Amino acid sequence: MITLYDLAAKDPIKCWSPNPWKARYILNYKKLPYRTIYVDFEDVDQVIKDAGIPPSQHGRDGTPWYTVPSIIDDATGARVSESYKIAEYLDSQYPDTPKALPAGTEALQAAFYSQWDSRIWDLALVPIMIPSVPNILSKETSLEYFHSSRSAAFRKPLSEVRPVGEEFDKLWGRLSAFLNELEGWYAKSSGKFLVGDAPSFGDFTVGGLFKALKIVRGEDSEDWRKLSTMNNGRWANLLGDLERYASDKD
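Residues numbered from 1 in each chain as written. Predicted model: local features only at pLDDT ≥ 70, side-chain atom pairs only at ≥ 80, totals over all residues. Heavy atoms only, no water.

1. Focus on the environment of isoleucine 128
Residue position: isoleucine 128 is located in helix H4 (residues 106–129). Along the backbone, isoleucine 128 and aspartate 223 are 95 residues apart, and their C-alpha atoms lie at a distance of 8.1 Å. If near-sequence neighbours (up to four positions away) are discounted, isoleucine 128 is found in contact with Leu123, Arg162, Phe168, Leu171, Trp172, Leu175, Leu213, Arg217 and Asp223. (Helix = DSSP H or I, 4+ residues; strand = E, 2+ residues; numbered from the N terminus. Contact = heavy atoms within 4.5 Å.)

Listed below in structure tokens is the structure:
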């Protein structure tokens, strides 16, 4: 059995965070049995550290960062953090399951992930979605922790992170330009996914963020309406194509 560590939310929401969604997509795609431990924001560092899982990275001062998704594989005792490393581990350990990183696409997947991670973060995840995350947290301690930690990180109140007016229009313009570029990459594929007719890590990465945005901002929100209709519905269609791998049932 594999244990997946994910972020907790209030009922009826189970899974919402974009990074754990990547790992969940992969586990479901491979049809590997797993269970989920949902961790509150303020407890992530301690829970992951206590589980003996290595940090996903280190800060500039060398401070270890313990994050989700993280997994423990009871079959091997392996403890892995960070979604790309999880994909590599699961492909290697379970070679008879569908590949998250199909043979011959590893360099492409790594390059895509680097581009995506460095460019989409400030365009969508932080200013559009992050200020709404408190709406789906259940514990008061989680709300307090999220507000204080994010306000400190952005050096402004969380309520001021999302731009308004002309600045918000400019943000959507930059996001639209990037998604047009992304659409161009997808258009060169021989199938509906990034590298053909079967999904791979790149698709799970894109799907994870858009799934999170849809949940956090709400299916009826103007943000999701705009995103879902961009590029002739490409991103809503991608989520629909990935839905069979989006089960939150352990």
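2. Here we look at the environment of aspartate 248
Topologically, aspartate 248 is positioned in the segment after helix H9 (234–242). Between the C-alpha atoms of aspartate 248 and tyrosine 25, which are 223 residues apart in sequence, the distance is 9.5 Å. Among residues more than four places away in sequence, those in contact with aspartate 248 are Lys14, Cys15, Arg24 and Tyr38.

3. Things to note about the packing of helix H6 (residues 165–187) against H9
Contact geometry for H6 and H9: axes closest at 11 Å, N-to-C directions at 55°. Compared by their axis directions, H6 and H9 come out oblique. Taking contact as the criterion, the partners of Leu179, Leu182, Glu183, Tyr186 and Ala187 in H6 are, on H9, Arg234, Trp235 and Leu238. The residue makeup of the contact of H6 with H9, split by class, is six nonpolar, no polar and two charged. (Axes fitted to C-alpha atoms, helices over the stretch in contact; angles between N-to-C directions. Parallel < 35°, antiparallel > 145°, perpendicular 65-115°, else oblique. Nonpolar A, V, L, I, M, F, W, Y, C, P; charged D, E, K, R; others polar.)

4. As for the nonpolar core
In terms of nonpolar packing, the biggest core is built from 77 residues, with Phe210 and Trp235 touching the most fellow members. Discounting chain neighbours no more than four positions away, the residues touching phenylalanine 210 are Trp116, Leu179, Trp224, Leu227, Trp235 and Leu239. (Core = buried A, V, L, I, M, F, W, Y, C linked by side-chain atoms within 4.5 Å. Buried < 20%, exposed > 50% of the residue type's maximum accessible area, 1.4 Å probe, protein only.)

5. Notes on the UniProt feature "domain: GST N-terminal" (unreviewed entry) in the protein chain
UniProt records the feature "domain: GST N-terminal" (unreviewed entry) for residues 7–98 in the present numbering. The straight-line gap between the two end C-alpha atoms of residues 7–98 is 26 Å; of that span, 34% is helix and 21% is strand. (UniProt positions renumbered as here; feature names shortened; annotations may be inferred.)

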